[in-house]
Amino acid sequence: MDPGSNPSREAGAPRVLIADDEELIRTGFRLILTSRGIEVVGEAADGVQAVAEAERLRPDVLLMDIRMPHLDGLEATKRVLRLLPHCRVLMLTTFDLDRYVYAALAAGASGFLLKDVTAAHLAAAVRLVKTGDALLAPSITRRLVERYATAHEADRAGAVHRPVTAAAAVRTPAIHRDLAPLTPRELEVLALMGRGLSNTELAEALILSEATVKTHVARIFAKLALRDRAQAVVLAYETGLVAPGGSAAD
């Protein structure tokens with residue numbers, strides 16, 4: 001599909017690539033998005049094709065299935081983000097089956113969507129993920145991160161506050177575990193983001209204006225070189241700032 005071939009595309013709407021080995025999923029998502037003025041620039045049926053098409057088409061948002069032949073969505077995400085650091089990857093997942101969601105977020109994915117997502121939520125998610133203003137489906141994201149954070153930490157065979165090893169840095173290249181640059185208030189904001197709170201919920205919890213919260217969030221991202229709130233959630237767990245179960249660590 002030619003990037004300029006959709007006359008109904010909304011100005012400034014994200015250009016989307018859909019990667020899933022199920023043709024029915026790709027077709028359904030394409031119809032939903034195009035009917036809402038969002039341009040789908042291409043499709044891919046496996047991870048290898050997803051990387052190649054992403055490099056060729058340079059989409060703003062990539063909907064990436066975790067479980068695909070030839071190259072899984074996790075490795076494909078890493079390769080795409082090395083090629084296109086400004087691309088936003090949304091993982092397509094089924095909650096009960098996928099074991100790699102935590103690793104995908106740590107690798108740079110900006111969030112995920114369940115495959116039975118509603119049409120309205122799919123379109124809203126694709127629009128929102130570019131901004132980094134809100135973590136998509138925060139309650140589900142939190143449950144998945146909590147479920148697999150403990151296993152991930154066990155695999156690393158050490159405490160959450162131990163020095164970062166070279167191997168760990170390779171696994172999570174975009175995450176900085178040193179929280180020293182953050183002020184006490186920024187640490188508080190990061191801990192609440194790790195629990196899945198939106199900016200509006202943060203403002204209510206901290207009795208601040210939403211504009212002030214956005215400023216704190218932007219400073220946290222800048223100081224820690226985070227892409228978006230999905231990485232903030234991963235960071236909050238990996239540093240022990242938030243413990244599995246959703247509460248802030250003592």
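Residues numbered from 1 in each chain as written. Predicted model: local features only at pLDDT ≥ 70, side-chain atom pairs only at ≥ 80, totals over all residues. Heavy atoms only, no water.

S.K.: Mind showing me how you'd approach the nonpolar core here?
M.R.: Ranked by internal contacts, the top residues of the largest apolar core, which has 54 residues, are M64, L190 and M193. Residue contributions to this core peak at seven residues, all from helix α11 (residues 229-238). Not counting residues up to four positions away in its chain, the partners in contact with M64 are A19, A50, G73, A76, T77, V80, V89, L90, M91 and L92. (Core = buried A, V, L, I, M, F, W, Y, C linked by side-chain atoms within 4.5 Å. Buried < 20%, exposed > 50% of the residue type's maximum accessible area, 1.4 Å probe, protein only. Helix = DSSP H or I, 4+ residues; strand = E, 2+ residues; numbered from the N terminus. Contact = heavy atoms within 4.5 Å.)

S.K.: Explain the packing of helix α9 (residues 199-206) against helix α10 (residues 210-224) here, please?
M.R.: Between two packed helices, the angle of one axis relative to the other and the distance separating the axes together describe the packing. α10 packs onto α9 with a crossing angle of 110° between their chain directions and a minimal axis gap of 9 Å. With respect to α10, the axis of α9 lies roughly perpendicular. Of the residues in α10, those touching α9 at N199, T200, L202 and A203 are E210, V213, K214 and V217. (Axes fitted to C-alpha atoms, helices over the stretch in contact; angles between N-to-C directions. Parallel < 35°, antiparallel > 145°, perpendicular 65-115°, else oblique.)

S.K.: Is there a simple way to explain the sheet that holds strand β2 (residues 39-44) in this structure?
M.R.: The strand order across the open sheet formed by five strands is β2-β1-β3-β4-β5, and the pairing between neighbours is parallel. The strands lining the two open edges of the sheet, one partner per strand, are β2 and β5 (111-114). Sheet twist, expressed as the average angle between the axes of neighbouring strands with direction ignored, equals 25°. Relative to β2, strand β1 (residues 15-19) runs parallel, the two being bridged by five bridges. Paired with L17 across the strands is G42, a residue of β2. On the sheet, helix α3 (residues 73-83) packs against β3 (61-65) and β4 (88-93) and is oriented at approximately 160° with respect to β3. (Pairing = 2+ DSSP bridges.)

S.K.: Teacher, can you tell me more about the pattern of salt bridges here?
M.R.: It is possible for side chains bearing opposite charge to pair when their charged atoms get close. In this structure the tally under the stated criterion is 10 salt bridges. When the shortest N-O distance is used, the salt bridge between R56 and E53 registers 2.9 Å. Taken as a pair, R56 and E53 lie in helix α2 (residues 47-57) at a separation of three residues, close to a single helical turn. The exposed category is assigned to R56, whose relative accessible area is 58%. A salt bridge links R82 to E75, with the nearest nitrogen and oxygen atoms 4.0 Å apart. (Salt bridge = Lys/Arg side-chain N within 4 Å of Asp/Glu carboxyl O.)

These figures capture arrangement, not role.
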